[in-house]
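A closer look at the structure
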Amino acid sequence: MLKYILKRVLLMIPTLLSVAVLVFFLMRIVPGDIVELRFAGESAFAQKENLDKERARLGLDQPLWKQFVTWMWGLLRFDFGSSMWTGAPITEEIRLRFALSLQLAIMATVVAVVLAIPLGVLAALKQDTWVDYAVRIFSIAGLATPSFWLGIVFILLLLIVFKWLPPMVYTPFWVNPVQNLAQLIWPALAVGYRYSAVATRMTRSAMLEVLREDYIRTARAKGLWQKLILSRHALKNAMLPVLTVIALEFAFLMGGLVVTEQVFNLNGLGLLFVESVAHRDYTLTQALVLLVAFIFIIVNFFVDLTYAWLDPRIRLR
Amino acid sequence: MAVRPVEVVADVPEARRRSRWWAAVRDFCRRRPLGAIGAVVVALNIVVGLTANVISPYDPLATDYGAMLARPSMAHWLGTDAFGRDVLSRILYGSRTAMIVGFACAFVGATVGAVIGVASAYFAGKIDLLIQRVMDIFLAFPLIILALAVVSILGTGMTNVIMAITIPMIPRAALVTRSSALAIREMPYVDAARAAGFRHVRIIMRHMLPNVMAPYLIMLTAFLGQAILLEASLSFLGLGVSEPTAAWGLMLRGAAVQFAETAPWMAIFPGLAISLAVFAFNLFGDSLRDALDPRLRTL
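A quick note: this is a predicted structure, and the numbers were derived from the prediction, not measured. (Residues numbered from 1 in each chain as written. Chains lettered and ligands numbered in written order. Predicted model: local features only at pLDDT ≥ 70, side-chain atom pairs only at ≥ 80, totals over all residues.)

**A look at the overall build of chain B**
Assigned secondary structure in chain B consists of 12 helices and zero strands. Ordered by position in the sequence, the α and β elements of chain B form the string α-α-α-α-α-α-α-α-α-α-α-α. When the 299 residues of chain B are sorted by exposure, 48% land in the buried category. At a minimum sequence separation of 6, the contacts of chain B that also span at least 24 residues come to 72%. (Helix = DSSP H or I, 4+ residues; strand = E, 2+ residues; numbered from the N terminus. Buried ≥ 20, exposed ≤ 12 C-beta atoms within 10 Å, placed from the backbone. Contact = placed C-beta atoms within 7 Å.)

**Side note on the overall build of chain A**
Counting its regular elements, chain A contains 14 helices and zero strands. Along chain A, helices (α) and strands (β) appear in the sequence α-α-α-α-α-α-α-α-α-α-α-α-α-α when read from the amino end. With the C-alpha coordinates aligned to their principal axes, the bounding extent of chain A is approximately 85 × 60 × 35 Å. Looking at chain A residue by residue over its 317 residues, the buried ones come to 35%.

**Examining the interface of chain B and chain A**
In this assembly, 36 residues from chain B lie in contact with 38 residues from chain A. Top contributing element to the side of chain B that touches chain A by residue count: helix α12 (residues 265-292) of chain B, with 10 residues. Its residues placed into classes, the side of chain B that touches chain A shows 24 nonpolar, seven polar and five charged. (Nonpolar A, V, L, I, M, F, W, Y, C, P; charged D, E, K, R; others polar.)

**Some remarks on the environment of Ser89(B)**
Residues and elements named next belong to chain B. Looking at the element boundaries, Ser89 is found in helix α3 (residues 87-123). For Ser89 and Leu78, which are 11 residues apart along the polypeptide, the C-alpha to C-alpha distance reads 9.0 Å. Aside from chain neighbours lying at most four places away, what touches Ser89 is Ser56, Pro57, Tyr58 and Pro60.

**Some words on the confidence of the model for chain B**
Here chain B averages 81 in pLDDT, and 90% of its residues register 70 or above. Scored as a complex, the prediction yields pTM 0.82 and ipTM 0.79. (pLDDT = per-residue confidence, 0-100.)

**Remarks on the environment of Leu235(A)**
Residue and element names in this part refer to chain A. Tracing the sequence through the fold places Leu235 in helix α10 (residues 226-256). Leu235 gets classed as partly exposed once you count the C-beta atoms within 10 Å, which come to 18. Expressed as a C-alpha distance, the spacing of Leu235 and Met207, which sit 28 residues apart in the sequence, is 6.8 Å. Once residues within four sequence positions are removed from consideration, Leu235 is found in contact with Val121 and Leu230.

**Digging into the packing of α3(B) against helix α4 (residues 125-140) of chain B**
Residues and elements named next belong to chain B. Close contact between α3 and α4 brings their axes to 7 Å; oriented N to C, the two are set at 145°. Between α3 and α4, the contacting residues are Ile116, Ser120, Ala121 and Phe123 on the first element and Gly125, Ile127, Asp128, Ile131 and Gln132 on the second. Among the residues forming the contact of α3 with α4, the class breakdown is five nonpolar, three polar and one charged. (Axes fitted to C-alpha atoms, helices over the stretch in contact; angles between N-to-C directions.)

**Examining the nonpolar core**
Residue and element names in this part refer to chain B. Counting 162 residues, the largest nonpolar core has Val118, Phe223 and Ile228 as the members making the most contacts within it. At 18 residues, α3 tops the list of elements feeding residues into this core. In contact with Ile228, other than residues within four places in its own chain, are Ala98, Val101, Gly102, Ile274, Ala277 and Val278. (Core = buried A, V, L, I, M, F, W, Y, C linked by C-beta atoms within 7 Å.)

**With respect to unusual backbone geometry**
For Asn265(A), which is not glycine, the phi dihedral falls at a positive 55°. Summarising the element assignment, Asn265(A) is placed in the loop between α11 (258-263) and α12 (269-278). A positive phi angle is found at Ala124(B), which is not glycine, with a value near 55°. By secondary structure assignment, the location of Ala124(B) is in the loop between α3 and α4.

**Regarding the environment of Thr171(A)**
All names here are of chain A. Take Thr171: it is sitting in the loop between α7 (147-161) and α8 (177-211). Once the C-alpha coordinates of Thr171 and Leu184 are considered, the two residues, 13 residues apart in sequence, prove to be 9.8 Å apart. In this structure, Thr171 is in contact with Asn176, Gln179 and Asn180, ignoring residues within four places of it in sequence.

**Considering the packing of helix α5 (residues 90-125) of chain A against α10(A)**
Residue and element names in this part refer to chain A. The N-to-C vectors of α5 and α10 enclose an angle of 150°; their axes lie 10 Å apart at closest approach. In terms of orientation, α5 lies roughly antiparallel with respect to α10. Considering how the two elements wind past one another, α5 and α10 form a crossing that is right-handed. Of the residues in α10, those in contact with Ser101, Ala105, Ala108, Thr109, Ala112, Val113 and Val121 of α5 are Leu235, Ile246, Phe250, Leu253 and Met254. (Parallel < 35°, antiparallel > 145°, perpendicular 65-115°, else oblique. Left-handed = near helix turned anticlockwise from the far one by under 90°.)

**Things to note about α12(A)**
All names here are of chain A. Judged by how many residues are buried, α12 sits mostly within the fold: seven of 10 residues are covered. Residues of α12 that are buried include every one of Leu269, Gly270, Leu271, Leu272, Phe273, Ser276 and Val277, and no others. One or two positions beyond α12, positive phi appears at Arg280, with a value near 55°.

**Here we look at helix α3 (residues 48-58) of chain A**
Think of an α-helix as turning once every 3.6 residues; residues three or four places apart then point the same way. Among the 11 residues of α3(A), zero are classified as buried, and the element is accordingly described as predominantly exposed. Once α3(A) finishes, Gly59(A) follows within two positions and takes phi at roughly 80°, a positive value.

Quick look at the structure:
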């Protein structure tokens with residue numbers, strides 16, 4: 001087992017490194033740099049020497065390979081540098097947004113799990129009845145509805161029916177939990193519904209597969225309680241693929257909620273992403289891409305680990 | 001998986017072949033009513049996209065400052081937007097945009113992905129490992145960043161949006177087809193083709209690719225819906241199709257949110273159009289998946 005873990009951890013390094021190389025050069029292919037963008041607002045004829053001075057200050061006058069080596073050397077010491085746009089340390093910039101994105105991702109996951117598992121099991125047990133059809137239509141509709149639009153509809157309904165608008169300014173949970181939840185529950189519901197659709201379908205098909213296994217028939221033949229068969233024998237075995245889907249979706253939620261954040265006026269990682277690319281803030285964009293890739297890889301790693309732990313055949317390969 | 005014996009169709013008369021095909025369609029409708037409904041809505045969407053210029057009551061770009069933010073009425077069935085443009089006409093024309101983006105992305109993404117996936121499985125060993133790692137990198141790379149980069153380099157517009165959406169689809173398609181192709185590589189007919197001295201390209205294209213048709217078709221329908229959704233999201237962010245082109249995501253942007261309280265029709269109907277189109281594609285794709293391969297679970 002230890003050998004397996006070690007191998008997987010070592011495999012992460014080349015992937016992360018390639019992501020780093022890719023984002024480094026991709027950002028520099030994009031036309032326009034931060035200095036041009038910053039001076040563009042001030043006057044159409046910014047002095048060339050001023051531009052050059054600013055570039056030198058940010059280290060953008062160095063040859064590409066030198067910039068890359070400097071950045072890599074920083075990464076090795078966990079020094080991400082500071083944002084080119086605001087000048088604040090990147091860890092500081094990200095920390096504030098990270099808390100919000102994490103909370104939203106967790107809340108959306110809870111919504112999704114609470115919806116998905118009972119519905120999926122129900123649909124599998126009542127396969128090809130109207131219950132099954134209803135659950136399937138509900139979940140396909142979830143996949144089809146853009147969550148940002150669902151967010152707009154929620155806001156509209158609250159406004160028209162209850163004449164109430166959720167708070168639009170973020171308050172951290174530990175400052176005022178009620179205020180915080182009143183704001184975040186709506187995006188969590190909108191995102192969670194969409195996200196539950198994937199998990200519901202997975203639960204249904206995994207349950208259907210497991211229910212046809214021999215050991216379920218044996219358990220039935222033994223005269224075991226239906227409830228016990230479902231919870232102990234069937235659900236437990238069906239949870240593996242469901243867990244995978246939920247975990248990967250969670251990783252995606254951490255950086256991929258750009259549009260929903262926009263609708264609800266939330267300052268999460270997604271919005272920071274768009275801003276940093278728009279500003280050509282190289283250091284911040286690189287750090288963000290690495291962070292999101294890292295979350296994705298680490299979640300993937302844990303999923304594989306759970307698999308290997310539960311299924312010895314995978315480990316031995 | 002979808003490994004069928006080679007069908008001998010050459011000596012079946014044309015009429016019988018057609019009736020067999022027709023029977024398959026009828027069987028699909030009877031056994032999977034939800035899928036059939038989806039297929040009808042998809043067909044309707046395509047027809048609307050093709051004939052938008054004939055059936056639209058107004059020019060989608062024509063502004064009418066006398067009727068800004070007009071309520072739904074006999075003149076404007078779904079109301080007008082902040083520039084007095086007819087919402088219904090813009091939704092009908094938006095269907096054209098959505099279908100073009102959807103079909104282009106899904107077709108290119110699934111096809112390129114399938115070729116890479118099959119080739120990866122066929123060559124195996126070091127090449128397979130290398131291709132898999134490259135695909136991993138693209139999978140870990142956030143889609144929105146790729147889209148942002150493509151749009152920043154090439155600018156907004158339909159072709160660039162199609163590229164931005166297609167690129168991240170390729171590794172997903174490659175992953176799925178590779179797993180199906182692994183089993184096909186072990187088939188005797190692939191060995192036979194190799195023994196006969198055929199070139200790699202021929203074995204991959206002629207012998208292996210046709211046998212991953214089932215996962216390919218399933219992926220194609222799934223990607224169609226996803227591409228339409230992504231296009232809507234990108235356009236909503238201002239990174240997709242640019243004004244004044246009629247696109248559903250674009251219609252939800254800016255004024256639609258700003259005037260949501262006084263003119264909710266601007267925010268509601270384009271969203272419904274997106275949901276309905278994607279819903280139909282998913283419904284059809286799901287039933288197709290069940291019909292073609294009940295074991296293939298998800299993408």
